[in-house]
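Here's the letter readout for the chains.
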Amino acid sequence: MVLADAKAGKRNEAGISAVLGILKQTFGERFQTGESFRAQHAHTTTYIPAQLPDGVVFAETRDDVQAVVKVCAEHKVPVIPFGTGSSLEGQVNAPQGGISLDFSRMNRVLEVNAEDLDCTVEPGVTREELNTYLRDTGLFFPIDPGANASIGGMASTRASGTNAVRYGTMKDNVLALTVVTANGEEIRTARRAKKSSAGYDLTRLFVGAEGTLGVLTSVTLRLQGIPQKIAGGACAFPDIKAACDAVIMTIQMGIPVARIELLDAMQLRACNRYSGLTFDEKPTLFLEFHGTDETVALQSAQFAEIAAECGGGEFLWTVNAEERNKLWKARHDAYWAARALAPDLAALSTDVCVPISRLAECVAETQADIEANGLLAPIVGHAGDGNFHVLVLFDDKTPEGIATVEAFVARLNARALAMDGTCTGEHGVGQGKMSFLEQELGDAVDLMRQIKEALDPDAIFNPGKIFHTH
């Protein structure tokens, strides 16, 4: 389970000692070994224990990245890439020690090709920084995982978010990468062309690899035009099944919804209290439509008809930007709203994804499991693609509390896999989902190990993540 997979690994003490000395001499004040710096670069988002690196390098150029990788490769010391630290499954932990490679200073937009609807950025650029930069071009980058994550981290975890139902996930929006490999050399995985049949798809190999195969130094992204008009709103339903049925009908009818988010009654109660909303505390869908005045009005009317057919209440929608922003700010604050329900308890955020036709069944069974075990666990989901999150609030000070929540997570994943779903729709594997990946893909994980061993023979890139190497 999670804590078993997050155990510390064997440290290369001699190699780490040598690397610390070399990096201090090379980077001066841009290399830090103080405990506060190291603690900031370990996992603290959920209850997975923090495992601190031995030092932190603040890289400013690709040459810096290559220098760090080369010296760590020579001494067989782990390198853990670090974006903003918003990952949820222990991806930035250092179970064998090593060097955290911080990309916050590699935050330049290198190129924008407005005519081609693409751009190239350094990995430390955050999605909000990128969209602020792009605003005057009439373009935007649509992937929105909620947190103001770095583009490099989003690519590495194959992130998605609220807009995925219309615009896809990171795997659909990354055109090319430059990557520093285990020998310290930089490779380019593709060109800017929108399609290619030239050789292996190395871009997709590194997207979602969670830093275990190489270190990203630039990311070329697909962009979208800012919609002429955006409409958003919310609609309450009598139960989860009715809300999910409305989602299924919306998708099957081909209504090009941009966002369609599901909040269960407990999550909506938390959002009402935290964000000052006044919605009925029932299962609720938050929606957004992109297009022209005419198309967003038509799509909103079509959804209102579907909602009524499924027993939903009135669909209250608006094109007022301030009202929409308040709605989506509340959605993005769902994690903190849920934490506020029981601030003294620990939190474990987990996600699964199932075929959309099984979403209502999976969510309903999960709610029954939560109730039967006396858990406090709001649910929020990217309903349009069958992905939902459960934030379990629990006492992590007792073995019984931890055992209860880990057993619940195991049942949740088994339930999703039994429905031909996946153990994670967007959080990634990290340390927290390792055992479930084996259940999901079986012998295919051995092939992943072979790829890892071929590209990273000394296992220096983010070891102890996704799977254990033999």
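Residues numbered from 1 in each chain as written. Predicted model: local features only at pLDDT ≥ 70, side-chain atom pairs only at ≥ 80, totals over all residues. Heavy atoms only, no water.

Chemist: Can you help me understand the overall build of the protein in this one?
Modeler: When helices and strands are counted, the protein shows 18 helices and 18 strands. Computed over the C-alpha atoms, the radius of gyration of the protein is 22 Å, within 12% of the 23 Å expected from 2.2 N^0.38 for a compact globule of 470 residues. With respect to the principal axes defined by its C-alpha atoms, the protein has extents near 65 × 60 × 40 Å. Residues counted as buried form 55% of the 470 residues belonging to the protein. In the protein, the share of contacts with a sequence separation of at least 24, taken over all contacts with a separation of at least 6, comes to 73%. With the model as given, the accessible surface of the protein reaches about 19200 Å², and the carbon-plus-sulfur share is 51%. With 42 positive and 60 negative side-chain charges, the protein shows a spacing of 3 Å between the two charge centroids. (Helix = DSSP H or I, 4+ residues; strand = E, 2+ residues; numbered from the N terminus. Rg over C-alpha atoms; globule rule 2.2 N^0.38 Å. Buried < 20%, exposed > 50% of the residue type's maximum accessible area, 1.4 Å probe, protein only. Contact = heavy atoms within 4.5 Å. Areas by Shrake-Rupley, 256 points an atom, 1.4 Å probe, with all protein chains shown as cover. Lys, Arg positive; Asp, Glu negative; His and termini not counted. Charge placed at Lys NZ, Arg CZ, Asp CG, Glu CD.)

Chemist: How should I be thinking about the UniProt feature "domain: FAD-binding PCMH-type" (unreviewed entry) in the protein in this particular structure?
Modeler: Sites flagged by UniProt as "domain: FAD-binding PCMH-type" (unreviewed entry) map to residues 49-226. In the segment residues 49-226, helix accounts for 23% and strand for 24%; the C-alpha atoms at its two ends are 41 Å apart. (UniProt positions renumbered as here; feature names shortened; annotations may be inferred.)

Chemist: Before we go on, may I ask you to explain the domain arrangement of the protein in this structure?
Modeler: Reports often express the size of an interface as the amount of accessible area lost when the parts come together. Split by domain assignment, the protein resolves into domain 1 (3-104 + 450-455), domain 2 (109-225) and domain 3 (229-419). One C-alpha centre belongs to domain 1, the other to domain 3; they are set 35 Å apart. Facing six residues of domain 1, the contacting portion of domain 3 comprises 10 residues. Interface area, domain 1 with domain 3, both sides summed: about 630 Å², of which 55% is carbon and sulfur. For domain 1, the biggest contributors to the area lost against domain 3 are Leu3, Thr46 and Tyr47; these three give 69% of the whole. For the pair domain 1 and domain 3, the interface holds zero salt bridges. Linking domain 1 to domain 3 there are three residue pairs in polar contact (both at pLDDT 80 or more). Its residues assigned to classes, the side of domain 1 that touches domain 3 shows three nonpolar, two polar and one charged. (Domains from an automatic or database assignment. Buried area = accessible area lost by both parts, 1.4 Å probe. Salt bridge = Lys/Arg side-chain N within 4 Å of Asp/Glu carboxyl O. Polar contact = N/O pair within 3.5 Å; in protein donor to acceptor, adjacent residues only side chain to side chain. Nonpolar A, V, L, I, M, F, W, Y, C, P; charged D, E, K, R; others polar.)

Chemist: Sorry, what's going on with the nonpolar core here?
Modeler: Grouped together as the largest cluster of nonpolar side chains are 49 residues, with contacts concentrated most on Phe237, Leu285, Leu287, Phe289, Phe303, Phe388 and Val390. Apart from the residues lying within four places of it in its own chain, the contact partners of Val390 are Leu348, Ser349, Thr350, Thr366, Ile370, Ala377, Pro378, Ile379, Phe408 and Leu412. (Core = buried A, V, L, I, M, F, W, Y, C linked by side-chain atoms within 4.5 Å.)

Chemist: So what exactly am I meant to see when it comes to the side chain of Ser160 here?
Modeler: Tracing the chain through its elements places Ser160 in the loop between α6 (151-156) and α7 (164-167). Within the structure, the side chain of Ser160 is placed 2.5 Å from the side chain of Glu426, a separation counted as a polar contact. When residues no more than four places from it in sequence are discounted, the contact partners of Ser160 are Ile143, Asp144, Pro145, Thr169, Gly425 and Glu426.

Chemist: Would you take a moment to explain the packing of aromatic side chains for this structure?
Modeler: Aromatic rings in a pair are described by how distant their centres are and how their planes are angled relative to each other. This model, assessed by the stated rule, comprises eight aromatic pairs. With centroids separated by 5.7 Å and ring planes inclined at 90 degrees, the aromatic side chains of Phe140 and Tyr167 adopt a geometry described as edge-to-face. Of this pair, Phe140 sits in strand β7 (residues 139-140) while Tyr167 is found in helix α7, placing the two residues 27 residues apart along the sequence. Each member of the pair Phe140 and Tyr167 is classed as buried. Taken together, a centroid distance of 6.4 Å and an interplanar angle of 80 degrees make the contact between Phe289 and Phe315 edge-to-face. Pair noted here: Phe289 is in strand β14 (residues 284-291) and Phe315 is in the loop between α12 (293-309) and β15 (316-318), with a separation of 26 residues, a long-range link. An aromatic cluster is present here, built from Phe279, Phe286 and Trp328 joined pairwise through their rings. Sitting above the plane of the Trp328 ring, Arg259 keeps its charged end 4.6 Å from the centroid. (Phe/Tyr/Trp six-rings, centres within 6.5 Å; stacked < 30°, edge-to-face > 60°. Lys NZ or Arg CZ within 6 Å of the ring centre and 35° of its normal.)

Chemist: What am I meant to see in unusual backbone geometry here?
Modeler: Positive phi, close to 55 degrees, is recorded for Glu210, a residue that is not glycine. The backbone of Ile466 sits at a positive phi, close to 70 degrees, despite the residue not being glycine. Looking at the secondary structure, you find Ile466 in the segment after α18 (444-455). For Ile466, a relative accessible area of 8% corresponds to the buried category.

Chemist: What is the right way to read the sheet that holds strand β1 (residues 31-32) from this model?
Modeler: The strands making up a sheet are joined through hydrogen bonds of the backbone, oriented either antiparallel or parallel. One open sheet holds the four strands; their spatial order is β1-β2-β4-β3, and the pairing between them is mixed. The outermost strands of the open sheet, each flanked by one partner alone, are β1 and β3 (79-82). Two elements, strand β2 (residues 55-58) and strand β4 (residues 99-102), share four bridges in a ladder whose sense is parallel. By the bridge assignment, Val57 is partnered in β4 with Leu101. On top of the sheet, helix α4 (residues 62-75) reaches β2, β3 and β4; it is set at about 170 degrees to β4, its chief contact. (Pairing = 2+ DSSP bridges. Axes fitted to C-alpha atoms, helices over the stretch in contact; angles between N-to-C directions.)

Chemist: Whenever I open this one, the packing of helix α15 (residues 359-372) against helix α16 (residues 399-418) confuses me. Can you help?
Modeler: When two helices pack together, their arrangement is given by the angle between their axes and by how far apart the axes lie. Their axes nearest at 11 Å, the elements α15 and α16 cross at an angle of 160 degrees. The orientation of α15 relative to α16 falls into the category roughly antiparallel. Note that α15 runs across α16; the crossing there is right-handed. Contacts from Cys362, Glu365, Thr366, Asp369 and Ile370 of α15 reach α16 at Phe408, Arg411, Leu412, Arg415 and Ala416. (Parallel < 35°, antiparallel > 145°, perpendicular 65-115°, else oblique. Left-handed = near helix turned anticlockwise from the far one by under 90°.)

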